[in-house]
Amino acid sequence: MLRFLFIFSFFLLATTPVLAQTSEVALIWEAKTYAPVWYEGRTLPTPSSLVRVVAVPTIYNSSGVKLKVQDLDFNWRKDGVEIRSASGAGRDTFDYRAASRAGEVNLIEVNVARRDGVSVAAGEARVSVARPELRFYAIKDGVIDHTKSLARLQIVSDETKIIAEPLFFSIEDWLNRRLSFEWSIKGQKIVPATEDPRRLTVVATADQVGETALDLAVLNKNYPLQSATGKLPIGFGLNTFQF
């Protein structure tokens, strides 16, 4: 009797089916655009900027063993068009250029199959194209005060230094100095006195109270639709302006 119970229990354990594992693939994208090191948000795609999409598959074989990336085929599509040059075995990464205008959306899709050709998972990501931004910061004692950006600047000394950060411009073009910076005040062009075109030193006399504004236009020479403008109102005792 005991032997019968043992054999019966073993039979139940041996024939218990393995629970099926869910196969899925997640898409994670990263824009190759500029942001300063203290920026805590996510860099955004802007017109014609590079974007990298990584497929993260969670796929198991019939034995419940997770398959490795090199054991899977990835078929990529952008806006409904198959990208054969980016597809193939183990190719879990796809680089592309964003649409040329802000507000457009790129649809990125991937189909994942086993090496025997059987499709096991599919995923998609809709990546919106944003506009580059300009943010102004004060420089105090040689250190950028990045705790908050400037909406207005009040001059409290004879010399004030500021920096404009060009957020979400293509990092490759920023590093290769393909961005143009055009500062002006009341239509008059201003040429920075430093090698870094983002920085200005404002020198003013204090014998007259006044208001003015600095204008800045930044343009990517390689991709002209990747551009931004900014205005920084300034209040101080103003007679002459020097930069």
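Visitor: Tell me about the overall build of the protein chain, residues and numbers included.
Guide: Tallying secondary structure elements over the protein chain gives 2 helices and 18 strands in all. Burial status across the protein chain gives 39% buried among its 243 residues. Within the protein chain, counting contacts between residues at least 6 apart in sequence, those at least 24 apart form 66% of the total. Roughly 14,500 Å² of accessible area belongs to the protein chain as shown, and the carbon and sulfur atoms make up 53% of that amount.

Visitor: Describe the pairing of strand β1 (residues 24-31), listing the residues and the values that go with them.
Guide: Burial along β1 is one-sided: the residues Val25, Leu27, Trp29 and Ala31 are buried and none of Glu24, Ala26, Ile28 and Glu30 is. In terms of strand pairing, β1 meets strand β2 (residues 50-58) through 8 bridges, oriented antiparallel. Bridge pairing in β2 places Glu24 opposite Thr58.

Visitor: Please provide a residue-by-residue account of the sheet that holds β2, values included.
Guide: If you walk across this open sheet you meet the 3 strands as β1-β2-β6, and the pairing is antiparallel. Sheet topology places β1 and β6 (93-97) at the edges, where each strand pairs with a single neighbour. For this sheet, the mean inter-axis angle between neighbouring strands, taken without regard to orientation, is 25°.

Visitor: Any chance you could break down the pattern of salt bridges for me, citing the residues and the numbers?
Guide: The final tally for this structure, using the stated rule, is 15 salt bridges. As a salt-bridge pair, Lys78 and Asp79 come within 3.6 Å of each other at their nearest N and O atoms. When its relative accessible area of 22% is taken as the criterion, Lys78 is described as partly exposed. Classification of Asp79 by relative accessible area gives partly exposed; the value is 38%. Linking Arg198 and Asp196 is a salt bridge whose minimum nitrogen-to-oxygen distance equals 2.7 Å. In this pair, the class of Arg198 matches that of Asp196, namely buried. Connected through salt bridges with shared partners, the residues Glu165, Asp196, Arg198 and Arg199 form a single ionic network.

Visitor: Which residues make up unusual backbone geometry, and what are the values?
Guide: Trans peptide bonds make up the majority, and among non-glycine residues the majority have a negative phi. Unlike most non-glycine residues, Asp79 shows phi in positive territory, near 50°. Note on placement: Asp79 falls in the loop between β3 (72-78) and β4 (81-82). A positive phi angle, near 55°, is found at Lys186, a position not held by glycine. With respect to the element layout, Lys186 can be found in the loop between β13 (179-185) and β14 (188-190).

Conventions we followed
- Residues numbered from 1 in each chain as written.
- Predicted model: local features only at pLDDT ≥ 70, side-chain atom pairs only at ≥ 80, totals over all residues.
- Heavy atoms only, no water.
- Helix = DSSP H or I, 4+ residues; strand = E, 2+ residues; numbered from the N terminus.
- Buried < 20%, exposed > 50% of the residue type's maximum accessible area, 1.4 Å probe, protein only.
- Contact = heavy atoms within 4.5 Å.
- Areas by Shrake-Rupley, 256 points an atom, 1.4 Å probe, with all protein chains shown as cover.
- Pairing = 2+ DSSP bridges.
- Axes fitted to C-alpha atoms, helices over the stretch in contact; angles between N-to-C directions.
- Salt bridge = Lys/Arg side-chain N within 4 Å of Asp/Glu carboxyl O.

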